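Given next are the chains, with one letter for each unit.
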Amino acid sequence: MKLDFRAKLTTSQKRTTTMVVNAFFMLLTKKNFDDITVREVCTLSMIPHSTFYNYFEDKYDIVRWKFYSLIYQYYPEMDTVMNHYDNIERSGDLLYDFLEEYRPILVKVAKKNPQNGTLHQTIKECMFEIGAIIAKNCTRDKNFDIPYEIIFNNYINGFLEMFNQTFYNGKTYSREQVRTFMKEFYAK
């Protein structure tokens, strides 16, 4: 990523990234990810191509940057050493808050982008990368009977399935249900 998702952006950087991300997601509500071009994003966001490429490498980079910045916004301590099991209920609350806040736009995006399409695969890759960061910090100096990679792949697959059920299958879960799912999926 050209932009560090954890960096404090200047006012100009915030404005530009907001315009690009908003234009991109507006296009995603109308078109499949594969059919969107950088030219369209630049035209809709009213920025020159050169400015776009100062901020993002390509349209995949927009997805990655937005995904990472959202995760960091919701879970700023993801880079720190933590006890994962002490954070399960909080993780459930964060997931619920995310699903509710972004439901309107992501339902529209899901209608134009198939569940196993390029956009979905890009988001899935991002989720597994975030999972690896969290896993590394949650498992430092600990021994598990099962390799931690398997534990956290299960964890990420649980997040993905709730994401899929919400946005592709129209399911609605209460906060308590999401907390319960998290506790059941990730119990010791």
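Every value quoted in this text rests on a predicted model; they were computed, and no experiment measured them.

S.K.: Would you explain the confidence of the model for the chain in this entry?
M.R.: Predicted coordinates in areas of low pLDDT are best not read in detail. Here the chain shows a mean pLDDT of 86. Residues at 70 or above account for 91%. The least confident element of the chain, judged by mean pLDDT, is helix α7 (residues 148-167) at 82; the most confident is helix α2 (residues 38-45) at 98.

S.K.: Sorry, what's going on with unusual backbone geometry here?
M.R.: A negative phi holds for most residues other than glycine; trans holds for most peptide bonds. Positive phi, normally seen in glycine, also occurs at Met46, with a value near 60°. By the element assignment, Met46 lies in the loop between α2 and α3 (49-55). Judged by relative accessible area, Met46 falls into the exposed class, the value being 71%.

S.K.: How do you make sense of empty space enclosed by the protein when you look at a structure like this?
M.R.: Over the atoms, a rolling probe the size of a water molecule traces out where space has been left empty. Within the structure shown, the criterion is met by one cavity of 30 Å³ or more. Its boundaries defined by the atoms lining it, the largest cavity holds a volume of some 60 Å³. Surrounding the largest cavity, Leu106, Val109, Ala110, Leu119, His120, Ile123, Phe163, Phe167 and Tyr168 form its lining. Only α5 (88-112), α6 (118-139) and α7 provide two or more residues apiece to the lining of the largest cavity. Of the residues assigned to the lining of the largest cavity, the class counts are eight nonpolar, one polar and no charged.

S.K.: Just checking my understanding: could you explain the packing of aromatic side chains for this structure?
M.R.: Centre-to-centre distance and the angle between the planes together describe a pair of aromatic rings. On inspection of all chains with the given rule, the structure shows twelve aromatic pairs. On the basis of an interplanar angle of 65° and a centroid distance of 4.9 Å, the ring pair of Phe163 and Phe167 is categorised as edge-to-face. Of this pair, Phe163 and Phe167 both sit in helix α7, four residues apart, which is roughly one turn of the helix. A single burial state applies to Phe163 and to Phe167, both of which are buried. Aromatic pair Tyr173 and Phe181: ring centres 5.2 Å apart, planes at 85°, arrangement edge-to-face. Relative accessible area serves as the criterion here: at 25%, Phe181 is assigned to the partly exposed category. These aromatic residues form a ring-pair network of at least three members: Phe5, Phe67, Tyr68 and Tyr72. Positioned above the aromatic ring of Phe33, the side-chain terminus of Lys59 is 4.6 Å from the ring centre.

The rules behind the values
Residues numbered from 1 in each chain as written. Predicted model: local features only at pLDDT ≥ 70, side-chain atom pairs only at ≥ 80, totals over all residues. Heavy atoms only, no water. pLDDT = per-residue confidence, 0-100. Helix = DSSP H or I, 4+ residues; strand = E, 2+ residues; numbered from the N terminus. Buried < 20%, exposed > 50% of the residue type's maximum accessible area, 1.4 Å probe, protein only. 1 Å grid on protein atoms, 1.4 Å probe; cavity = no way out; pocket = protein on both sides within 12 Å on 5 of 7 lines; lining within 4 Å. Points joined across faces, edges and corners; volume = space filled by probe spheres on them. Nonpolar A, V, L, I, M, F, W, Y, C, P; charged D, E, K, R; others polar. Phe/Tyr/Trp six-rings, centres within 6.5 Å; stacked < 30°, edge-to-face > 60°. Lys NZ or Arg CZ within 6 Å of the ring centre and 35° of its normal.

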